[in-house]
Amino acid sequence: MSESEIRLRLLQLDPDSFTKEKAHQKRELPDLEVLSEKVVMRLAPSPSGPLHIGHSRMAILNDEYVKRYGGELILRIEDTNPRNIDPIAYSQIPEDLRWLNVNVTSIIIQSDRMDIYYREAEKLLSNGHAYICSCSPELFRKLKLSSQACPHRDTSVDRNLESFENILKDRNFARDKTLVIKTDLKHPNPSVRDWIAFRFVDYPHPRTGSRYWFYPTMNFSVAIDDHLLGLTHVMRGKDHLNNTEKQRYIYRYNKWKEPKYYHFGLVSIPDTILHASEMRDGIRSGRFSGWDDVRLGTLMAMKKRGYLPETFRRYWVESGLRESDAEFSWEIFDSINRELIDRSALRFSFVKDPLPITFNVPYNVESESPYHPEVPSLGFRRYSFYGRTKIYLSKEDFLDISLRESVRLKDFCNLRIEGHSFIMEKENKPRKGIKIINWVPENARDYEVQFPDGNIVKGKIEPLAEGYDGVSQFERFGYVRMYKNASVGYFLHK
RNA sequence: GCUCCGAUGGUGUAGUCCGGCCAAGCAUUUCGGCCUUUCGAGCCGACGACCCGGGUUCAAAUCCCGGUCGGAGCACCA
């Protein structure tokens, strides 16, 4: 029995057995090593701006696991560097996560927790695991690179505690001070040797103003919070590999139980603007219209273009947790989105760079195109013609038809070219093999499509598209997110 | 340079831990064909990969050694 025979046979037995879910044989993430009943995981973005595609990965991966095992997903906003904060992030990040259907169970903001960090720092000082240093950055780095102790490394516990107290009391005293975690001066990786846990920052914080001036570095606050919040699993990019090693010292000194760490490979996202600083500068200078400018890689922009949150989820789940680096594939991402969006995308005719043509329609003809070829219940776009008729074709099609004997205006009629004029053919059926092109009627309205690369395509769209709000498929053009009563739409993908 | 990761078709991945069922699966892209009044969807088919060299073994994508290539980190950023 051949395969097709088998298939046929099965189909007779169980018609549902093949209907299916084409591909998505559910690619699943591997199981975690579950240390306890419930998991506690976290998302730890820095509030330098709204979330972008890159962030969506860690958000979704963590979310997937919390959904699988049950537990908590903490959003921890890491704002311990006042110089690198855009206040919009405090409200936009939770908003972006909601849109992604990431189920955050609690929100923590590190700038609320300064006293906790100070308390933990004091503990480490008391135990001799840290010291206050006043070396210049240059000197400190130099000593470190040559595995030498800085002169402050052996300061007594009491003196360290006293300095620390003064640092917190006296802004000026703090100015040249850092708090350093003792590790191993012989550690093969210089960055892991005695690392800086607090530094002086003389810059107003959007939330706490000038109340603090001695801020923990990421490695310190992360280690403290990961423990205090009870994290069971930490999942992040492998650019944090070294940080994990540094943070482990804090765990070790406090005899805390470590979470399970996972580091996935880096994904480079081509043709996309993702750096907060570049986006912010561009917005400020007027080059971009805002954080949701479709040229940017923010979730806000992608939402505006018509991407679905489900697309992100499927894409990242499919990518998995591999440690090897990879390149983000817009091709695959778009194909997932296309599949999800197609059913609900109404079809419209749009002609780019429109050129008018006129011809005579000798008897009444009504063109009739489905709003969606697979959902006939949505009805048809109908236009009637009789007599002298003017329509628009795209410049591209217009040039192309001069090479042909005749063309088919989609769902309307066949046109024959004779000399410089167009004649509607008597026989109004699509001939096999005939080139089918799009057109819009004379009263089509002007419409622009903005592409993510910044290009703007001008054209005309059929009148029945008026008022549509959602993703449309412009026939033979691509998917476009239209907004009600707007004369500009955003190109989604082919 | 030092430290740490990684390496499966154009792209994204499965398989690698516990060697044989892998002459390597899936998706996407590309190219054919069918269907269709869209260059969309659907269906059928084709092209296309285990980084290199040694070793262990009856047997290696899978284990070991060496090399090559790629990435990350080496900040008082996160």
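Predicted, not measured: the structure shown is a model, and the values here were computed from it.

Colleague: It is not clear to me how the sheet that holds strand β12 (residues 346-348) should be interpreted in this structure. Could you clarify?
Modeller: Within a sheet, each strand pairs with its neighbour through backbone hydrogen bonds, oriented either parallel or antiparallel. Reading across the sheet, the seven strands line up as β12-β23-β24-β25-β21-β22-β13 and stay open at both edges, with mixed pairing between neighbours. Across the chains shown, the open sheet's two edge strands, defined by having one partner strand only, are β12 and β13 (350-352). Mean inter-strand twist for the sheet, computed between neighbouring axes without regard to direction, equals 40°. Here strand β21 (residues 445-450) runs beside strand β22 (residues 456-461); their pairing, made up of six bridges, is antiparallel. From the neighbouring strand, Gln-450 faces β22, where its bridge partner is Ile-456. Relative to strand β25 (residues 488-493), helix α13 (residues 330-341) is tilted by about 115°, and along the sheet it contacts β23 (470-474), β24 (478-482) and β25.

Colleague: Could you clarify how one ought to interpret the pattern of salt bridges in this entry?
Modeller: A side chain with one charge can pair with a side chain of the opposite charge if their charged atoms come near. Here the structure, examined in full by the defined rule, presents 41 salt bridges. Linking Arg-313 and Asp-63 is a salt bridge whose minimum nitrogen-to-oxygen distance equals 2.8 Å. One end of the pair, Arg-313, is in helix α12 (residues 309-319); the other, Asp-63, is in helix α2 (residues 53-69), and 250 residues separate them in sequence. The class for Arg-313 is buried, based on a relative accessible area of 10%. What makes Asp-63 buried here is its relative accessible area of 0%. Here the salt bridges share partners, and the residues they tie into one network are Arg-381, Lys-410, Asp-411, Glu-462 and Glu-475.

Colleague: What is the right way to look at the packing of aromatic side chains in this model?
Modeller: Here the distance between the centres and the angle between the planes together describe a pair of aromatic rings. By the definition in use, this model includes 37 aromatic pairs. When the centroid spacing of 4.9 Å and the interplanar angle of 55° are considered together, the rings of Phe-198 and Phe-220 count as tilted. Of this pair, Phe-198 sits in strand β6 (residues 195-200) while Phe-220 sits in helix α8 (residues 218-228); the two residues are 22 residues apart in sequence, bridging distant segments of the chain. We note that Phe-198, like Phe-220, is buried. Here Tyr-315 and Phe-333 contribute two aromatic rings whose centre-to-centre distance is 5.6 Å and whose plane-to-plane angle is 75°, an arrangement assigned as edge-to-face. Placement of Tyr-315 in helix α12 and of Phe-333 in helix α13 is noted, with a sequence separation of 18 residues between them. Taking relative accessible area as the criterion, Tyr-315 reaches 7% and is therefore assigned buried. Grouping aromatic residues by their ring pairs yields a cluster made of Trp-99, Tyr-307, Phe-312, Tyr-315, Trp-316, Phe-328, Trp-330 and Phe-333. Over the ring of Phe-173 we find Lys-177; its NZ or CZ atom is 4.0 Å from the centre of that ring.

Colleague: Even after reading the chapter, I still don't get the sheet that holds strand β19 (residues 435-437), so can you show me in this structure?
Modeller: Strands sit in the order β18-β17-β16-β19 across an open sheet of four strands; the sheet is mixed. Of all the strands in the sheet, the pair left with one neighbour each is β18 (421-424) and β19. Across the sheet, the mean angle from the axis of one strand to that of its neighbour is 35°, orientation sign disregarded. Pairing of strand β16 (residues 406-409) with β19, which is carried by three bridges, proceeds in the parallel orientation. Across the sheet, the residue bridging to Leu-409 is Ile-437, located in β19.

Colleague: Sorry if this is basic, but what is going on with helix α4 (residues 114-126) here?
Modeller: In an α-helix, one full turn covers 3.6 residues, which means residues spaced three or four apart are oriented alike. A rise of 1.5 Å per residue sets the reference length of α4, with its 13 residues, at 18 Å; its end C-alpha atoms lie 18 Å apart and thus fit the reference within 8%. Met-114, Tyr-117, Tyr-118, Glu-120, Ala-121, Leu-124 and Leu-125 are the residues of α4 that are buried. All buried residues of α4 lie within an arc of 165° about the axis, which places them on one face of the element. Just beyond α4, the residue with positive phi is Gly-128, at close to 75°.

Colleague: Help me out: how do you make sense of the nonpolar core in this one?
Modeller: The nonpolar side chains of a soluble globular protein tend to be buried with one another. Membership of the largest hydrophobic core comes to 47 residues, with the highest contact counts inside it found for Ile-53, Met-235 and Phe-312. Elements represented by at least two residues in this core include exactly β1 (39-43), α2, β2 (71-77), α3 (88-99), β9 (260-264), α11 (299-305), α12 and α13. In terms of residue count, α2 provides more of this core than any other element does, seven residues in total. With residues up to four places along the chain from it excluded, the contact list for Met-235 reads Leu-32, Met-41, Leu-61, Asn-62, Tyr-65, Tyr-262, Phe-264 and Leu-321. If you look at the next biggest cluster of nonpolar residues, it comprises 38 residues, including Ala-174, Leu-179, Phe-198 and Phe-214.

Colleague: I would appreciate a short explanation of the protein's contact with RNA strand B in the present structure.
Modeller: Near RNA strand B lie 55 residues; those nearest to it are Arg-199, Asn-242, Glu-374, Asp-411 and Arg-476. Sugar plus phosphate, as a fraction of atoms of RNA strand B within 4 Å of the protein: 71%. Taking Cys-135, its main chain carries an N or O atom lying 3.1 Å from a base nitrogen of RNA strand B. The contact in question runs from a base nitrogen of RNA strand B to an N or O atom on the side chain of Glu-331, over 2.6 Å. Of all the secondary structure elements, the ones that give two or more residues to the surface near RNA strand B are α5 (137-145), β6, α9 (241-254), α12, β11 (326-327) and α13. Ranked by residue count, the leading element in the surface near RNA strand B is α13, at four residues.

Cut-offs used in this document
- Residues numbered from 1 in each chain as written.
- Chains lettered and ligands numbered in written order.
- Predicted model: local features only at pLDDT ≥ 70, side-chain atom pairs only at ≥ 80, totals over all residues.
- Heavy atoms only, no water.
- Pairing = 2+ DSSP bridges.
- Helix = DSSP H or I, 4+ residues; strand = E, 2+ residues; numbered from the N terminus.
- Axes fitted to C-alpha atoms, helices over the stretch in contact; angles between N-to-C directions.
- Contact = heavy atoms within 4.5 Å.
- Salt bridge = Lys/Arg side-chain N within 4 Å of Asp/Glu carboxyl O.
- Buried < 20%, exposed > 50% of the residue type's maximum accessible area, 1.4 Å probe, protein only.
- Phe/Tyr/Trp six-rings, centres within 6.5 Å; stacked < 30°, edge-to-face > 60°.
- Lys NZ or Arg CZ within 6 Å of the ring centre and 35° of its normal.
- Expected span 1.5 Å × (residues − 1).
- Arc of directions from axis to C-beta.
- Core = buried A, V, L, I, M, F, W, Y, C linked by side-chain atoms within 4.5 Å.
- Near = heavy atom within 4 Å.
- Polar contact = N/O pair within 3.5 Å; in protein donor to acceptor, adjacent residues only side chain to side chain.

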